[in-house]
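Architecture and fold: a report
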Amino acid sequence: MIPAGSLLHAVALHKAYGRTPALDGADFSLHPGEVVAVMGPSGSGKSTLLHCLAGIIAPDSGTVRYGDRELTAMSDAERSALRRADFGFVFQFGQLVPELTALENVALPLRLNGTRRRDAERQAREWLERLEVDTVADRRPGEVSGGQGQRVAVARALAGRPRVVFADEPTGALDSLNGERVMSLLTDAARDTRAAVVLVTHEARVAAYSDREVVVRDGIAREGVAAV
Amino acid sequence: MSPLPSRAGDGGGRGGGRDRDAAARRDPLAAPRTGPAVWGRDLAMGIRFAAGGGREGWIRTALTAAGVALGVAVLLLGASVPSLMDAWHGREKARENLGQVHQPRAADTTLRYASVDTTFRGTPIRGRLVRPDGAHPPVPPGVRHLPGAGRMLVSPALKELLDSPEGALLRDRLPYRIAGTIGDAGLLGPRELTYVAQSATLAAPDGYRIDHFGKNWDPTPMQTPAVLLVIMTCVALLTPVMVFIGTSVRFGYERRERRLAALRLVGADVGTTRRVASGEALFGSLLGLLGGAALFVGGRLSAPLITLWGINVFPSDVTPGPLAATLVGLLVPTAAVLVTLFAQRGITVEPLGVVRNRPPVRRRLWWRVALPALGALLLVPLTWGEKWTDTPLNTARFAAGSLLLLIGVTALLPWLVDAVVSRLHGGPVPWQLAVRRLQLNSGSATRAVSGITVAVAGAIAIHMLMTGMQAGYAAAYAESGKIPRIGLWGNARSWSGTEQALGALHATPGVTAARGTVDALIGPLPAAGRPQDDLRPWTLAVGSCAELRTLARLPSCRDGDVFRTTNAPGTDVPVAPGRTVDLNTAIGPDDQVTPQPWTVPGTTRPVQLRDPGREPGRFSYDLLATPSSLDLGRLNSPTAELQVDFDRATPDAVEHIRNTAARIDPMMNEYSAVDNPHDGPYTSVRNGLFIGAVITLLLIGAGLIISTVEQLHERRRLLSTLDAYGTRRATLGWSVLWQTALPVVLGLALALACGLSLGSLLLAMIDSAVTVDWPVVTAMTGIGGAVILFVTALSLPPLWRMMRPEGLRTE
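Throughout what follows, the structure given in this document is the object of discussion. (Residues numbered from 1 in each chain as written. Chains lettered and ligands numbered in written order. Predicted model: local features only at pLDDT ≥ 70, side-chain atom pairs only at ≥ 80, totals over all residues.)

Considerations on the sheet that holds strand β4 (residues 61-66) of chain A
Residue and element names in this part refer to chain A. In space, the 4 strands of this open sheet follow the order β2-β1-β4-β5, with antiparallel pairing throughout. The outermost strands of the open sheet, each flanked by one partner alone, are β2 (20-30) and β5 (69-70). Examined bridge by bridge, β4 and β5 share 2 bridges and lie antiparallel to one another. Along β5, the bridge assignment pairs Arg 65 with Glu 70. (Pairing = 2+ DSSP bridges. Helix = DSSP H or I, 4+ residues; strand = E, 2+ residues; numbered from the N terminus.)

Overview of the environment of Leu 412 of chain B
Residue and element names in this part refer to chain B. Position of Leu 412 relative to the elements: it lies in helix α11 (residues 392-421). Accessibility expressed as a C-beta count within 10 Å gives 24 for Leu 412, which makes it buried. Along the backbone, Leu 412 and Ala 370 are 42 residues apart, and their C-alpha atoms lie at a distance of 9.7 Å. (Buried ≥ 20, exposed ≤ 12 C-beta atoms within 10 Å, placed from the backbone.)

A word on the packing of α11 of chain B against helix α19 (residues 729-765) of chain B
All names here are of chain B. Orientation of α11 relative to α19, taken along the N-to-C sense of each, is 145°, at an axis distance of 9 Å. As α11 runs across α19, the sense of the crossing is right-handed. Residues Ser 402, Leu 405, Val 409, Leu 412, Leu 413, Leu 416, Val 417, Val 420 and Val 421 of α11 form the contact with α19, whose own contacting residues are Leu 742, Pro 743, Leu 746, Gly 747, Leu 750, Ala 751, Cys 754 and Leu 758. For the contact of α11 with α19, the class distribution of residues is 15 nonpolar, 2 polar and no charged. (Axes fitted to C-alpha atoms, helices over the stretch in contact; angles between N-to-C directions. Left-handed = near helix turned anticlockwise from the far one by under 90°. Contact = placed C-beta atoms within 7 Å. Nonpolar A, V, L, I, M, F, W, Y, C, P; charged D, E, K, R; others polar.)

Re the sheet that holds strand β7 (residues 164-168) of chain A
Residue and element names in this part refer to chain A. Spatially, the 6 strands line up as an open sheet ordered β6-β7-β8-β3-β9-β10, and their pairing is mixed. Both edges of this open sheet fall to β6 (87-90) and β10 (220-223), since each of them pairs with a single strand only. Each strand axis lies, on average, 20° off the axis of its neighbour in the sheet, ignoring direction. Judged from the 5 bridges that link them, β7 and strand β8 (residues 196-200) form a sheet pairing that is parallel. From the neighbouring strand, Val 164 faces β8, where its bridge partner is Ala 196.

A short note on the packing of helix α10 (residues 366-379) of chain B against α11 of chain B
Residue and element names in this part refer to chain B. Relative orientation of the contacting elements α10 and α11 amounts to 155°, with a least axis distance of 7 Å. By the angle between their axes, α10 is roughly antiparallel relative to α11. Note that α10 runs across α11; the crossing there is left-handed. Taken together, the residues that form the contact of α10 with α11 break down as 15 nonpolar, 4 polar and 2 charged. (Parallel < 35°, antiparallel > 145°, perpendicular 65-115°, else oblique.)

Overview of the interface of chain B and chain A
Listed as interface residues are 21 residues of chain B and, on the opposing side, 23 residues of chain A. Of all the elements in the fold, those that place two or more residues in the side of chain B that touches chain A are α12 (429-440) and α18 (716-724) of chain B. For the side of chain B that touches chain A, the leading source of residues is α12 of chain B, giving 7 residues. Of the residues contributing to the side of chain B that touches chain A, the split by class is 8 nonpolar, 7 polar and 6 charged.

Okay, structure coming up:
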């Protein structure tokens, strides 16, 4: 049964790596503009759940629906196209392209989606300003601090105006002050653009930025306590 | 893993001998802190790591070994050249006697000896006629007994040819029964065509008497272009191999650095990690050394199949000198270790990873330009003035100049790539990713590409040199051989004999015309008690009126007439009618001859030569005489000079003429431009070089693949992230293509510039017109382009494997 108005909905997801089960019948749903924290201990399957929801990997069984489309029935090329157009990503270590400047990194998803370079870089610059890292626009990732790099990564995730942002331990490599700042900017910007956020974390203070928590344990997702 | 010593210098130092002993007992490996034992242990550990690196490690080791093996094989071949030439010249000296200053008197131990070399379908055949004066004549090496009269000993290759259907025509020319074969000691090489025959009719003035074989003489030095070519080939083959060795020992640096960091974590000091890294490089290098030795030993077995510039040798001749071989064995592994240590400068392996202490390298132009400029400075003066001469200084200058020019290319390439890519902006995403990647670090790509650059530049220069040489020979032979004509000359005993020879030649298949005269030198009659006039001797031609008319415009002519020419070049004093001259004039300073006075008839008329001049095909006779006007027997060494025109359309016309000439007189010599001996060898050398260049390019391409895949592997997490973003595979595929193509294209451009410049300099050195071998330039550039596609195509599967979400997993 699909909850009314849900944007992303997963049912009975199973995924194993070899003989090790990562997801064992996980369910999940996400509404537009909603920030959901996926929590759980190390190895519980939360990143695997994120990857299945984002169409990065295909589950062994179960279904993932995005709007009226069935992700699990889509080809790899279709899922790639969907990720380019509708999703944004932030990872623990930013994973910025080291040879591109901050500006070019933020413009990258737009350019991959066909936006002209000039337009892409104009939009990217606006996002950098919004994330308060416009001063490092022309620097390469190796030349900026961890916090700045992560904010550039958030700008990159939001630049394409995605409907869903997937953030996998976005503050895992930052000190608490920088972590707080990144989370605040991420969730504020997401709410401003009505983007939903799937936030994988094991830190309660990070989960506190979410509207709702889902706890994954032994490959099964359970609804947690509302944070707000 | 065995425990490793902690930081150098600490532990055991302060506690005195007892503490040290205790430490040694606890950990035997920690006992020796310095010295060869430590080096040996650490190198051995590195070798163990390299040998136990799994499939990937073995591929890298195999590529390193392949590069080193190629270098070792080329070095060993180069080191064999002196001993090869010594052996070759040694056998030539031992079997030859070019004539003794004081000819021995006929005795039991002497023989008359004459050279009867010939050519069969373009291949030279060395022939020697002997006629023993007694029962114990000398024998050349490789021969136990001289053959009996009318018999011959032949080389195995000549026997094979004579026994084959192709040799049927040659059998007519060598009318001797085969009595046996000549042993290896009497042959220059296994493919040499040679024979020794006994002629019962060999007599003075043909040949000369000798009492031994073996003569000290200076071997004919190689021709200038050939020397240039040999030096250039060695430089052009060795430089890319050296570059490749430098590149290949860096393969797998990322994994190696991780390993070394792990070693640091368990207590290894920085020195230890460097020695372990050197050991890893040493392993591939040692394998390469063995492979190179095997390649060399296997390759030299093919020596009998190769004939270059008339040199064909036995496999045993291709043996490097012991000193050179030892040097190769020591220097190559040492070079591998040094390159590894050099590559680690500015890098500190820390327990948690590698710290690169070096700031971004700013590539400076001045010293990069200085290298090729210095090379050009050494080479350009060699093109001035006279044609290049083969002196030790010139050879060293040439080798150093070429080496500097080629190495300069490898030094210029990184600067050029940096300079170009720093100016590139914009473009589609794949292009931008590639350009930015190169802007950030183009080192590994340019290192690999510099090998391609040197190989292509060297190949283009060598091909230009060879094309120029080949074109020069072809033009010269085409000019000389425009008229299908063979010149023959031999001792003339009488005019009637010469007429018979002309008749026989006329009757030969394919001959369209045969003409000739008997030529001799005559001089002023020496007066008793005073030295002979210091005058140039006059040249006399004796022939029928018909023959003389081909030489000069005669008003009228009857047998008995004599003519003096008025336009012969360089005549100081004309031969005036009524002057008494010496028909038996001395030709050499030691020529003891009896004067044969002859008075130039008063009826001698002046005539004009048709084509006066000293060049081939022109005439410089001072006196023309018909047969009855003088007795040929009184002349000193009269020579029959015959010219035979033939029809090119008649198959083997030239061989038929040679057979006729041999029947007339086996000692008859030939001069002709019908066989260009340089064409075949040059074509095969060019083909060989081309194949060598292609193999080098493929090897370097393999190195590029390794570098590219390693780079991709290093970035696998980033690739997974880009995949998560929905990046198309094609986008990253194109980016890999551009990333490979940019340095390769720039490298090829540089190679073209350098190759064409070096080739032009080489051609200028041999006074040849500059001609570019465009097919080779196109082919080499095409192969360079194919390498780009090859590298990209083989990099795509690992790229796509790494674009999988597994790379995002951290648990």
